[in-house]
Amino acid sequence: MSVMTSSATTVDRDHPITAALSVCADELKGLRDQPAWSLTPAQTRDALVEVTRLQARVAELEARLADHGRTVEVEADSGASSTADWWAHATKQTRPTTKRKVRLGKALATDLHAPVRTALADGRVVVDQAEVIIAAIDALPEDLDPAVVRDAQQHLLERAGEFDAKHLRILGRRILEVVAPEIG
């Protein structure tokens, strides 16, 4: 169970996920006042890339927890109308933000988007890229051969190493022309 207060977050350490969250929180608290001035440009570049990958990994876990929260109806005891509404109130995020995160979690929980979830968990894509890939795959005709859908998704995941979400969106709109020109 997670309890958020104005000064600290306490997490029950009985489950591997909550135990890992506690360890991460403790480590990050230790860095709070650590100055960055002594980092070299190369170290700063590496740290910026690594913190971005870490954010992606955390976002995947957050999405997975949001979907689980939706499944177990974490809002039931509070009177909130949805997991997203409860989460927004509990953490002071906006409702559109939590609704977006719950939608992402629901999509990533499907077999169809499992490769996107894995890429996010591995830090190979960021949230914006994951959302664009999911939207592109979901926009494909429903009667497509599943192999073509898998190829389209794989192609977008591979291109995520080269392109940001904006460019992936453009590629996603024409993905059939790339992976199945006879259909596209």
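Residues numbered from 1 in each chain as written. Predicted model: local features only at pLDDT ≥ 70, side-chain atom pairs only at ≥ 80, totals over all residues. Heavy atoms only, no water.

The next subject is the overall build of the chain. Across its full length, the chain holds nine helices and two strands. Ordering the α and β elements of the chain from the N terminus gives β-β-α-α-α-α-α-α-α-α-α. When its C-alpha atoms are laid out on the principal axes, the chain stretches across 60 × 50 × 30 Å. By the burial criterion, 29% of the 184 residues in the chain qualify as buried. Intrachain contacts of the chain at a sequence separation of at least 6 include 49% that bridge at least 24 residues. For the chain, the exposed area adds up to about 12000 Å²; of that, 56% sits on carbon and sulfur atoms. On the chain, the mean spot of the 23 positive side-chain charges and the mean spot of the 28 negative ones are 5 Å from each other. (Helix = DSSP H or I, 4+ residues; strand = E, 2+ residues; numbered from the N terminus. Buried < 20%, exposed > 50% of the residue type's maximum accessible area, 1.4 Å probe, protein only. Contact = heavy atoms within 4.5 Å. Areas by Shrake-Rupley, 256 points an atom, 1.4 Å probe, with all protein chains shown as cover. Lys, Arg positive; Asp, Glu negative; His and termini not counted. Charge placed at Lys NZ, Arg CZ, Asp CG, Glu CD.)

Take a nonpolar patch on the surface next. Together, Leu48, Val51, Leu54 and Val58 line one region of the surface with nonpolar side chains, adding up to about 330 Å² of accessible area. Along the polypeptide, leucine 54 turns up in helix 2 (residues 41–72). (Patch = residues over 30% accessible without salt bridge, like charges linked within 9 Å, V, L, I, M, F, W, Y side chains within 5 Å. Salt bridge = Lys/Arg side-chain N within 4 Å of Asp/Glu carboxyl O.)

Next up on the list: the nonpolar core. One finds Leu108, Val116, Val125, Ile133, Ile137, Leu140 and Leu156 to be the most contacted residues of the largest nonpolar core, which totals 29 residues. Put simply, the parts of the chain that give this core at least two residues each are helix 2, helix 4 (95–108), helix 5 (114–121), helix 6 (127–138), helix 7 (146–159), helix 8 (165–173) and helix 9 (175–179). It is helix 6 that contributes the most residues to this core, six residues altogether. When neighbours within four sequence positions are excluded, isoleucine 137 is seen to be in contact with Leu112, His113, Val149, Ala152, Gln153 and Leu156. (Core = buried A, V, L, I, M, F, W, Y, C linked by side-chain atoms within 4.5 Å.)

Here the chain shows a mean pLDDT of 93. Residues at 70 or above account for 92%. This stretch, residues 1–8, has a pLDDT under 50; its non-local contacts, to residues over four places away or in other chains, come to 12 contacts. (pLDDT = per-residue confidence, 0-100.)

On to the environment of alanine 152. By secondary structure assignment, the location of alanine 152 is in helix 7. Sequence separation between alanine 152 and leucine 176 is 24 residues, and the spatial gap between their C-alpha atoms is 7.0 Å. Excluding residues within four positions of it along the chain, alanine 152 makes contact with Ile137, Leu140, Ile175 and Val179.

Given a rise of 1.5 Å per residue, 32 residues ought to cover 46 Å, and the 46 Å separating the end C-alpha atoms of helix 2 matches this to within 8%. Taken together, the buried positions of helix 2 are Ala56, Ala59, Glu60, Leu61, Ala63, Ala66, Asp67 and Gly69. Structurally, helix 2 contributes buried residues whose contacts are with helix 1 (16–31), helix 3 (83–91), helix 4, helix 5 and helix 6. Directly beyond the C-terminal end of helix 2, a positive phi value near 55 degrees is found at glutamate 73. (Expected span 1.5 Å × (residues − 1).)

What follows concerns unusual backbone geometry. At glutamate 73, a residue that is not glycine, the phi angle is positive and equals roughly 55 degrees. Looking at where glutamate 73 falls in the secondary structure, it is placed in the loop between helix 2 and helix 3. By relative accessible area, glutamate 73 is classed as partly exposed at 46%. Non-glycine residue lysine 92 carries a positive phi angle of around 65 degrees.

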